[in-house]
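Coordinates in review
Each chain, letter by letter, is given below.
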Amino acid sequence: MKTRLDQLTLHDLIELSCGNPSVLLDKDETSTEEEKLACLQQILTEYKELATPTQAKMDMIEEEELQKLQMKEKCLKICLALISQERFDMAKDVLLELDVNENLLTSDDAVNSRCKAMLDEARYEIKRLAELAEERGTMKQQSPVEKRKAWFGEIAFVMSTLKMSIDPATTNAAVYANLVRQAVERNKQMAKMPPMMSMFM
């Protein structure tokens, strides 16, 4: 089974993004749905990292932030459980581990109110990130026809920007991802140039 971007053609990559994981399999090869889905996600992530590294990095940072917030939420729930058993000292220790200033934890009431406020804040941030992810997911939920149109639009952009021809059937998917990045960078550079200069680029 193909597990890397450079093992696919651009045509295969488009098919994969449209929900056709059969392009990952060689003739007479079989695989479970879980294996194909894992490879599909891995390859599409690899494409994104090559084609749009800035966006890929932002997605990774956002995912790390969400994981930290979820861990923080669990810690604060433990604090509230300790407080319900009147173990304010232990709850205070957990809050100190979460970098809360000790001056804000001078009484049992202060420990309780700080814990509740932090839990509300963590839950709000988790909800906000989930809504952003859902919004992006909704945008990505296009039909195969719409996805193909988007791919063809991107290919046309790359060809016009780099002034070259691209055949999806023969172009390596990893090479194409690098061409996308180059086209985006070139487009940015041209946008910064005076109008007359960009005519010669």
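Scroll up to find the structure this text is about.
Note that the structure is a prediction, hence the values are computed from the model and not measured.

This paragraph deals with the overall build of the chain. Secondary structure assignment for the chain yields eight helices and zero strands. The helix and strand sequence of the chain, counted from the amino end, reads α-α-α-α-α-α-α-α. In terms of overall size, the chain is more extended than a compact globule, its C-alpha atoms giving a radius of gyration of 25 Å where 201 residues would be expected to give roughly 17 Å. Considered along the principal axes of its C-alpha atoms, the chain spans approximately 70 × 55 × 25 Å. Burial analysis of the chain (201 residues in total) assigns 29% to the buried set. In the chain, the share of contacts with a sequence separation of at least 24, taken over all contacts with a separation of at least 6, comes to 60%.

Moving on, we get to the environment of S22. Mapping S22 onto the fold places it in the loop between α1 (10-17) and α2 (33-51). Using a relative accessible area of 41% as the deciding quantity, one classes S22 as partly exposed. Sequence separation between S22 and D12 is ten residues; the distance between their C-alpha atoms is 9.2 Å.

Burial in helix α4 (residues 88-97) covers these residues: F88, A91 and L95. The buried residues of α4 all sit within an arc of 60° when viewed along its axis, so they share a single face.

For T54, the location among the structural elements is in helix α3 (residues 53-84). Look at T54 and you get exposed, because its relative accessible area is 56%. In the structure, T54 is positioned 36 residues away from C18 in sequence and 24 Å away in space, judged by C-alpha atoms.

Enumeration over the complete set of coordinates arrives at three aromatic pairs. Between Y47 and Y176, the aromatic rings sit 6.4 Å apart at their centres with planes inclined by 5°, giving stacked as the arrangement. One end of the pair, Y47, is in helix α2; the other, Y176, is in helix α7 (residues 173-192), with 129 residues separating them in the sequence. We note that Y47, like Y176, is buried. Summarising the aromatic geometry, the rings of W151 and Y176 are spaced 6.4 Å apart at their centres and angled 50° between planes, so their arrangement reads as tilted. Placement of the pair is W151 in helix α6 (residues 144-162) and Y176 in helix α7, with a sequence separation of 25 residues. Y176 shares its class with W151; the two are buried. Feature note: the residues Y47, W151 and Y176 constitute an aromatic cluster, connected by ring pairs.

Quick notes on the rules
- Residues numbered from 1 in each chain as written.
- Predicted model: local features only at pLDDT ≥ 70, side-chain atom pairs only at ≥ 80, totals over all residues.
- Heavy atoms only, no water.
- Helix = DSSP H or I, 4+ residues; strand = E, 2+ residues; numbered from the N terminus.
- Rg over C-alpha atoms; globule rule 2.2 N^0.38 Å.
- Buried < 20%, exposed > 50% of the residue type's maximum accessible area, 1.4 Å probe, protein only.
- Contact = heavy atoms within 4.5 Å.
- Arc of directions from axis to C-beta.
- Phe/Tyr/Trp six-rings, centres within 6.5 Å; stacked < 30°, edge-to-face > 60°.

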